[in-house]
Amino acid sequence: MEICKDGAVKAIGTPGGEELALINALARRELGADEVYTFALRLCDNDVDRDFERFGDGTLDQLAPLFVGVSGVFDHQWSAKGQTARIYRTQVVEDGGTLTADGRPCRYLKGWAYMMRTQENAALIAEIDGGIKREVSVGCAVDKVLCSICGRELDQCPHEKGEEYGGQVCHGVLTGAADVYEWSFVAVPAQRRAGVIKSAGRRVEDEARLGRKYLKSLRAELVRLAGIAEPGAGHALLERAAAKLDEEELVGLIKVCRGRTGRLFAQGPQLSYGDEAARPEDGCGAFLI
């Protein structure tokens, strides 16, 4: 398994005057520079990750202001006891000529966070300074996931993440920042340079992925059967109609279409003269015994 090798967390130490003003905008009282410890972190980027997903460039820009004021935790455990630090500033950064896996200029969302210099936080500060705590991951929600091959929503198109089409590996483009939950220190992030978790848990995401795949297969089967039953209906029209149906509607219509196609292809005599009592035409006499 590939481990994040770039330092996603960089120790800074004591904040300057400008930084301290941003921190105090979030604090409930005026804090002194000697009371807080600050560090920078690489939250997420626009490269294709281990789940064959990436943030769109526009989505990174939308996420930047949403992360200001968001707390950091450990391993995405949403507990007040696990809150360690808070982000006070963000910026989308060009990654110095680095290219993404699919050949685009790499951009990433950088955050600056602070924590209180307390006895309880002393060990964590030492681990950040020593490079032990450095991989991070974010929890957020997006409006939709688009297919990198055709641009349609991934659960409504025929392509599968991780599969190759015409020399391009299909991946989902996370589009439209909807919400930000937290950022977290983790051991191995999904993104190779920073890490990202798009939902509250991997098991939930896996189940959702299986559900999308199942619905995609139902829609494809309905379009296939409906195209046989109604040859005059265009393929694109059938696809648009199927995309709006839920599981129950899809299963019901598939059953109807199977019955119709079954009747269309029911076996019968290959030749028929209609009325059996009718006399064959004279032209068929050569075939009579």
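The rules we used
Positions within a chain are numbered from 1, following the residues in the order the chain's sequence is written. Predicted model: local features are reported for residues with pLDDT of at least 70 only, side-chain atom pairs are reported and counted for 80 or more only, and whole-chain, interface and lining totals are derived from all residues. Only hydrogens and water are set aside when side-chain values are computed; all heavy atoms of the structure are taken into account. The term salt bridge refers to a side-chain nitrogen of Lys or Arg lying within 4 Å of a carboxyl oxygen of Asp or Glu. The numbering of helices and of strands both runs from the N terminus, where a helix is a DSSP run of H or I of at least 4 residues and a strand a run of E of at least 2. Exposure is judged per residue with a 1.4 Å probe applied to protein chains only, and the accessible area is read against the type maximum: over 50% gives exposed, under 20% gives buried, and values in between give partly exposed. pLDDT runs from 0 to 100 and stands for how confident the predictor is about each residue. Whether two residues are in contact is decided by their heavy atoms: any pair within 4.5 Å suffices. Taking the helix axis as origin, the arc is that swept by the directions to the C-beta atoms. If DSSP finds at least two bridges between two strands, the strands pair. Any two of the Phe, Tyr and Trp rings considered here, Trp counted by its six-membered ring, make a pair once their centres fall within 6.5 Å; the pair's planes then place it as stacked at under 30 degrees, edge-to-face at over 60, or tilted in between. Each ring is checked for a lysine NZ or an arginine CZ that lies within 6 Å of its centre and within 35 degrees of its normal; such an atom marks a charge sitting over the ring. Here the term patch refers to residues with relative accessible area over 30% and no salt bridge, with like charges joined within 9 Å and nonpolar side chains (Val, Leu, Ile, Met, Phe, Trp, Tyr) within 5 Å. Only the protein chains shown count as cover for residues, and all accessible areas are computed by the Shrake-Rupley method using a 1.4 Å probe. Only four residue types enter the tally: Lys and Arg on the positive side, Asp and Glu on the negative side, with His and both chain ends excluded. Charge placement uses NZ in Lys and CZ in Arg. For Asp and Glu, CG and CD serve respectively.

**Thoughts on the pattern of salt bridges**
Line of reasoning, step 1. Tallied over the full model, the rule gives 15 salt bridges.
Line of reasoning, step 2. With a shortest N-O distance of 3.6 Å, E239 and R152 are connected by a salt bridge. Of this pair, E239 sits in helix α5 (residues 235-243) while R152 sits in the loop between β7 (136-147) and β8 (164-165), placing them 87 residues apart in sequence.
Line of reasoning, step 3. For E239, a relative accessible area of 26% puts it in the partly exposed group.
Line of reasoning, step 4. Accessibility expressed as a relative area gives 33% for R152, which makes it partly exposed.
Line of reasoning, step 5. In this structure, the salt-bridge partner of R258 is E221, at a minimum N-O distance of 3.4 Å. Of this pair, R258 sits in helix α6 (residues 247-264) while E221 sits in helix α4 (residues 202-229), placing them 37 residues apart in sequence.

**Some words on the confidence of the model for the protein chain**
Line of reasoning, step 1. Residues of the protein chain with pLDDT of at least 70 account for 75%, and the chain-wide mean is 78.
Line of reasoning, step 2. Within the protein chain, the lowest mean pLDDT, 59, falls on strand β1 (residues 9-13), and the highest, 94, falls on helix α2 (residues 57-67).
Line of reasoning, step 3. Confidence over residues 1-8 falls short of pLDDT 50; this stretch has 24 contacts with residues more than four positions distant or in other chains.
Line of reasoning, step 4. Residue range residues 192-205 is modelled with pLDDT below 50. Its contacts to residues more than four positions away, or to other chains, number 54 contacts.

**A short note on α5**
Line of reasoning, step 1. All of the buried residues in α5 are L238, A242 and A243. Relative to the axis of α5, the buried residues are bounded by an arc of 135° and lie together on one face.

**Side note on unusual backbone geometry**
Line of reasoning, step 1. Positive phi is not limited to glycine here, since F52 has a value of about 55°.
Line of reasoning, step 2. Within the secondary structure, F52 sits in the loop between β2 (36-45) and β3 (53-55).

**Some thoughts on helix α3 (residues 122-129)**
Line of reasoning, step 1. Looking only at α3, the buried set comprises L124, I125 and I128. Projected down its long axis, α3 carries its buried residues within an arc of 100°, all on one side.
Line of reasoning, step 2. Following α3 by one or two positions, G131 adopts a phi angle in the positive range, close to 80°.

**So, the pairing of strand β5 (residues 85-99)**
Line of reasoning, step 1. By the bridge criterion, two bridges tie strand β4 (residues 71-74) to β5 in an arrangement that is antiparallel. From the neighbouring strand, G72 faces β5, where its bridge partner is A85.
Line of reasoning, step 2. Two strands pair when backbone bridges link them, and β5 and strand β6 (residues 105-116) are joined in this way by nine bridges, in the antiparallel orientation. Among the inter-strand pairings, T90 is bridged to a residue of β6, identified as G111.
Line of reasoning, step 3. In textbook terms, the turn of a hairpin is the stretch between consecutive antiparallel strands, and for β5 and β6 this stretch comprises five residues, one of which, G103, has a positive phi near 85°.

**Things to note about the packing of aromatic side chains**
Line of reasoning, step 1. Tallying each qualifying case throughout the model produces three aromatic pairs.
Line of reasoning, step 2. A ring pair is formed by Y37 and F39, whose centres lie 6.2 Å apart and whose planes are at 35°; its orientation type is tilted. Considered together, Y37 and F39 belong to a single accessibility category, that of buried residues.
Line of reasoning, step 3. Taken together, Y37, F39 and W183 form an aromatic cluster joined through their ring pairs.
Line of reasoning, step 4. Above the plane of the ring of Y108 lies R42, whose end atom (NZ or CZ) is 4.1 Å from the centre.

**Brief notes about a negative patch on the surface**
Line of reasoning, step 1. Together, D246, E247, E248 and E249 make up a region of like negative charge exposed at the surface.
Line of reasoning, step 2. Following the sequence through the fold, E249 ends up in helix α6.

**What to know about the environment of E221**
Line of reasoning, step 1. In sequence terms E221 and L250 are 29 residues apart; their C-alpha atoms lie 9.1 Å from each other.
Line of reasoning, step 2. Ignoring any residue separated from it by four or fewer positions in sequence, one finds E221 in contact with I254 and R258.

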